[in-house]
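# Notes for the structure review
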Amino acid sequence: MSTPTLAVLVPLLPFLGALAGLLLGRTAPGFVKPLAVLPTLGAAVLAVLVALRQGGGKAIDTATELTPTGSVPIELSLHLDGFAVMVAVLVGVVATCVQVYSTAYLREDPRYPSYAALVSLFTSAMLLVVYSGDLMVLLVGWEIMGICSYFLVGHYWETEAARSASLKAFLVTKLGDVPFLIGLFALAADAGSFRITKILGTVTAGGLEHPTLIALLLLAGVAGKSAQFPLHTWLPDAMAGPTPVSALIHAATMVAAGVYFVARLLPVFAASRAAMVVLAVMAAVTMIGSALAALAQDDIKRVLAYSTIGQLGYMTGALAVGDRAAAVFHLLSHGAFKALLFLGAGVIIHAAGTNSLAAMSRMDGLAKRIPDVFWTMTIALLALAAFPPFAGFFSKEAVLVAAEHTAGGHSELAPSAAGWLVLVAGVLTALLTAAYATRLWLMAFRGRGAAAPDHGKEPVAMTGVLWLLAVPSIGFGLLAGPLSDFFDGRELTPSLTTSVLGTGAAVVGAVLTYALWQRAEAKATLATAGAPAASAGAPAAGTHAAPTGVPASVAAAESAAESPEVGRVTHDHPAVSTAPAADPGRALLGPLHRHAAVGFHLDAVYDRLFVRPVRAAASLVRFLDREVVDTYVRGAGLGPRLLGGLVRRAQTGNVQSYLSALLAGAVVLAIATAVLANVNAGS
């Protein structure tokens, strides 16, 4: 079987699995789990086989005209280069892990059949985006992912949080898709084709007439899909969906699609230096802002959500300095450890009965209750914080090396200003990333208080997947050399300068957070010990000031209200201490904490700038429709009705009345005729 044929089967198998799952979910529930896991597993195996056959060599292109359009043709085409085949492997592996994990995580969910089918369809759409060589076919997969995310984020649709989150995700991404679609048409009009290879050929020949406009229009769609500033606000709220969905969206689909799209069409963006600077600014703001927000979140999944936004900022930063190899390398590395982090968080929520880090910080022994999660999450957090020799270190360093190279004026694709922006923001984000990763680890696994609930061993389908993902989280970075052929032959090895800067910043962030956590723990312990004495009227020494921080029970209640999943997958809801939570994030951020906790009020800003004016305009239109247009419509019916009533009164059936009216009419006509005759004679 030829390589293109195998590549066609990769997205086709999950699609057929989704179709069969939807059709047989109710009538044959016993087939639901096999139909969820086996087609996705088959797609992953075939994706690996396609990658081995392609081998990082010359790209494989094949196409057939899908339909005649009369102008710009639309073709069903495949473009299999090193980037495409490696990203397809990531999608297949992560999707398989998510499907296996979900069989245990959602085993009691009555809507599991539709959930599993949508995950398969989601996977198929992303694989279509990855392998497609035609932008219109790519757009089909792009939009299918948007629809699937709407249904999956709103899986717990009985709750207001899930309904609002799904609608917000759909609308914000569609807001970016409108200019994205315009940009695609403008690009195809200049190039005369939707084929990616022909478009890149046109760019090389200098055939684009409006490169800056096209690049900025496309960037709007990328910002929405990949949750980059200013269209990133939907992603943290999307945590209202099931945790396995979060793992799939954040690690291998949807948000990765935007980064992959820019990597595939990087010469289009590089044709405009202004667009590269805009991309760099977007990446820098996204990296720093999301890392600060992650430090202030109490919901463990929202911490990881903001973490994803920041890591995507690293990828867009690499693209902004013209290095798509570093961007895709970090995409692959991040996909492994971020899937591990989310799936591990699901087990923690399953075991602890809460998604609140504040509540977990008041539990003792959670790490001993779930040792598999403790060790695998530790590995993933070390990779996220980019400590050597874990995968995140090598991929993050590849981004910083690319930024340093551009900052020195050695890049032909991007200005040095873009390099400096990405380099400075990247180093600062490395410090903040290590800080919030350390905070999460300390609050989740080093809590002190009542004993954590013990529900026995977690299902193998959940813990086994974690250990599988831990392997690339540890060792994928070491494959940077052997895999260089898949990345345009670029060397992705770290440099001494960036290694010292990045790792040094990470160490500072981790050590500082640990020190602040110890101080917060001491204050919380002192406040708890002093509470009985204070109630007895004898305050203990050193406890005259009110303890800083929010009671763990309050934080837990607030986080649970935003996450409908907690009530569905947990064994029970443990009693949460009213003692203040030991949160180093508060001390680290200081007065900035309350602003970072709500995403720097961007939702409120958008509400005032866009939502309220649109609602006011809608209210005005509704008023005009009801009070003006409807008044005219009702008047148009009322006039004939009144006239008809008058005419009906004249229809008495009395012949004498009719003759009298006729005679009166004749007299009136005679008088009118005489008057008109006299007037005419006088003139």
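Quick look at the overall build of the protein now. Counting its secondary structure elements, the protein contains 28 helices and 4 strands. Reported as C-alpha extents along the three principal axes, the dimensions of the protein are approximately 115 × 80 × 55 Å. Within the protein, the proportion of its 683 residues that are buried is 54%. Partitioning the intrachain contacts of the protein with sequence separation of at least 6 by distance along the chain shows that 82% fall at a separation of at least 24. Accessible surface, the protein as shown: approximately 28000 Å² in total, 69% of it carbon and sulfur. Charge-centre separation for the protein: the mean point of 41 positive side chains lies 7 Å from the mean point of 38 negative side chains.

So, about the packing of aromatic side chains. The tally for this structure, following the rule as stated, stands at 17 aromatic pairs. With 5.0 Å between their ring centres and 70° between their planes, F374 and W375 make a pair best called edge-to-face. For F374, a relative accessible area of 10% corresponds to the buried category. Taken together through their ring pairs, the aromatic side chains of F83, F329, F476 and F487 make up a single cluster.

With omega at 10°, the peptide bond leading from F229 into P230 counts as cis. Take P230: it is sitting in the loop between α8 (211-225) and α9 (234-237). Cis rather than trans, the peptide bond between P388 and P389 has omega equal to 5°. By the element assignment, P389 lies in the loop between α18 (371-384) and α19 (391-407). Unusually for a residue other than glycine, D488 sits at a positive phi of about 60°. Here D488 is to be found in the loop between α21 (460-475) and α22 (496-535). Located in the positive-phi region is F600, a residue other than glycine, with phi close to 60°. With respect to the secondary-structure elements, F600 resides in the loop between α26 (593-597) and α27 (602-650).

It is worth spelling out the nonpolar core at this point. Judged by nonpolar contacts, the single largest core of 204 residues is most densely connected at Y131, F261 and F487. Ignoring sequence-local partners within four residues, the contact set of F487 consists of F83, A325, V328, F329, L332 and L492.

Evaluated as defined, the whole model comprises 16 salt bridges. A salt bridge links E160 to R163; the nearest nitrogen and oxygen atoms lie 2.9 Å apart. Of this pair, E160 and R163 both sit in helix α6 (residues 160-191), separated by 3 residues, roughly a single helical turn. Here D603 and K168 are joined by a salt bridge, their closest N and O atoms 2.9 Å apart. Taken together, the positions of D603 in helix α27 and K168 in helix α6 put the pair 435 residues apart, joining distant regions of the chain. Accessibility expressed as a relative area gives 18% for K168, which makes it buried. Through salt bridges with shared partners, a single ionic network connects K168, D237, R302 and D603.

Before going further, it helps to spend a moment on the side chain of T406. The topology assignment puts T406 in helix α19. There is a polar contact of 3.0 Å between the side chain of T406 and the backbone oxygen of V321. Apart from residues lying up to four places away in sequence, T406 is in contact with V321, S411, A414, P415, S416 and G419.

It is worth spelling out the side chain of T354 at this point. Here T354 is to be found in the loop between α15 (324-352) and α16 (357-360). Overall, the relative accessible area of 5% leaves T354 in the buried class. Within polar-contact distance, the side chain of T354 engages the backbone nitrogen of S356 at 3.1 Å.

Here helix α10 (residues 243-251) crosses α15 at 165°, and the two axes come no closer than 9 Å. By the criterion of interaxial angle, the relationship of α10 to α15 is roughly antiparallel. Between α10 and α15 lies a crossing of right-handed hand. Counting all contacts with α10, which are made through T243, P244, S246, A247, H250 and A251, the residues of α15 involved are H334, G335, K338, A339, F342, L343, G346 and I349. Grouping the amino acids of the contact of α10 with α15 by side-chain chemistry returns 7 nonpolar, 6 polar and 1 charged.

Take a nonpolar patch on the surface next. Side chains of V8, L12, F15, L16, L19, L23, L24 and F31 sit close together on the surface and give an oily, nonpolar patch of about 720 Å² of accessible area. Topologically, V8 is positioned in helix α1 (residues 3-24).

Here Q228 shows up in the loop between α8 and α9. Judged by relative accessible area, which is 0%, Q228 ranks as buried. Contacts of Q228, omitting those with residues within four sequence positions, involve A223, M282, A283, T286, I309, L312, G313 and T316. Among the polar contacts listed, one links the side chain of Q228 to the backbone oxygen of S226, at a separation of 3.3 Å. Within polar-contact distance, the side chain of Q228 engages the side chain of T316 at 3.1 Å.

Relative to the assigned elements, K198 resides in helix α7 (residues 196-204). For K198, a relative accessible area of 43% corresponds to the partly exposed category. Linking K198 and G133, residues 65 residues apart in sequence, is a C-alpha distance of 9.9 Å. Each residue touching K198, except ones within four places of it in the same chain, is listed here: E75 and S193.

Averaged over all residues, the pLDDT of the protein is 88; the fraction at 70 or higher stands at 91%. Throughout residues 532-548 the model reports pLDDT below 50, and contacts reaching past four residues in sequence, or to other chains, amount to 11 contacts.

A few words on helix α2 (residues 32-54). Given a rise of 1.5 Å per residue, 23 residues ought to cover 33 Å, and the 33 Å separating the end C-alpha atoms of α2 matches this to within 8%. Among the residues of α2, V32, A36, V37, P39, T40, A43, A44, L46, A47, V50, A51 and Q54 are the ones counted as buried. The elements touched by buried residues of α2 are α1, β1 (60-67), β2 (74-80), α3 (82-105) and α4 (112-131). Downstream of α2 by one or two residues, G55 has phi in the positive range, about 65°.

What follows deals with the packing of α15 against α19. When two helices pack together, their arrangement is given by the angle between their axes and by how far apart the axes lie. As a packed pair, α15 and α19 sit with axes 8 Å apart at the nearest point and diverge in direction by 155°. What the angle tells us is that α15 and α19 run roughly antiparallel. The interaxial crossing formed by α15 with α19 has left-handed handedness. In this structure, α15 contributes A326, F329, H330, S333 and F337 to the contact, and α19 contributes A391, G392, F394, S395, K396, A398 and V399. Each residue belonging to the contact of α15 with α19 can be placed in one class, and the counts come to 7 nonpolar, 4 polar and 1 charged.

Right, let's get into the state of the cysteines. Overall, the coordinates contain 0 disulfides when judged by the stated rule. Distance from the sulfur of C148, which forms no disulfide, to the nearest cysteine sulfur (C97) is 19 Å. Note on C148: relative accessible area 1%, which makes it buried.

Cut-off values and rules
Residues numbered from 1 in each chain as written. Predicted model: local features only at pLDDT ≥ 70, side-chain atom pairs only at ≥ 80, totals over all residues. Heavy atoms only, no water. Helix = DSSP H or I, 4+ residues; strand = E, 2+ residues; numbered from the N terminus. Buried < 20%, exposed > 50% of the residue type's maximum accessible area, 1.4 Å probe, protein only. Contact = heavy atoms within 4.5 Å. Areas by Shrake-Rupley, 256 points an atom, 1.4 Å probe, with all protein chains shown as cover. Lys, Arg positive; Asp, Glu negative; His and termini not counted. Charge placed at Lys NZ, Arg CZ, Asp CG, Glu CD. Phe/Tyr/Trp six-rings, centres within 6.5 Å; stacked < 30°, edge-to-face > 60°. Core = buried A, V, L, I, M, F, W, Y, C linked by side-chain atoms within 4.5 Å. Salt bridge = Lys/Arg side-chain N within 4 Å of Asp/Glu carboxyl O. Polar contact = N/O pair within 3.5 Å; in protein donor to acceptor, adjacent residues only side chain to side chain. Axes fitted to C-alpha atoms, helices over the stretch in contact; angles between N-to-C directions. Parallel < 35°, antiparallel > 145°, perpendicular 65-115°, else oblique. Left-handed = near helix turned anticlockwise from the far one by under 90°. Nonpolar A, V, L, I, M, F, W, Y, C, P; charged D, E, K, R; others polar. Patch = residues over 30% accessible without salt bridge, like charges linked within 9 Å, V, L, I, M, F, W, Y side chains within 5 Å. pLDDT = per-residue confidence, 0-100. Expected span 1.5 Å × (residues − 1). Disulfide = S-S within 2.5 Å.

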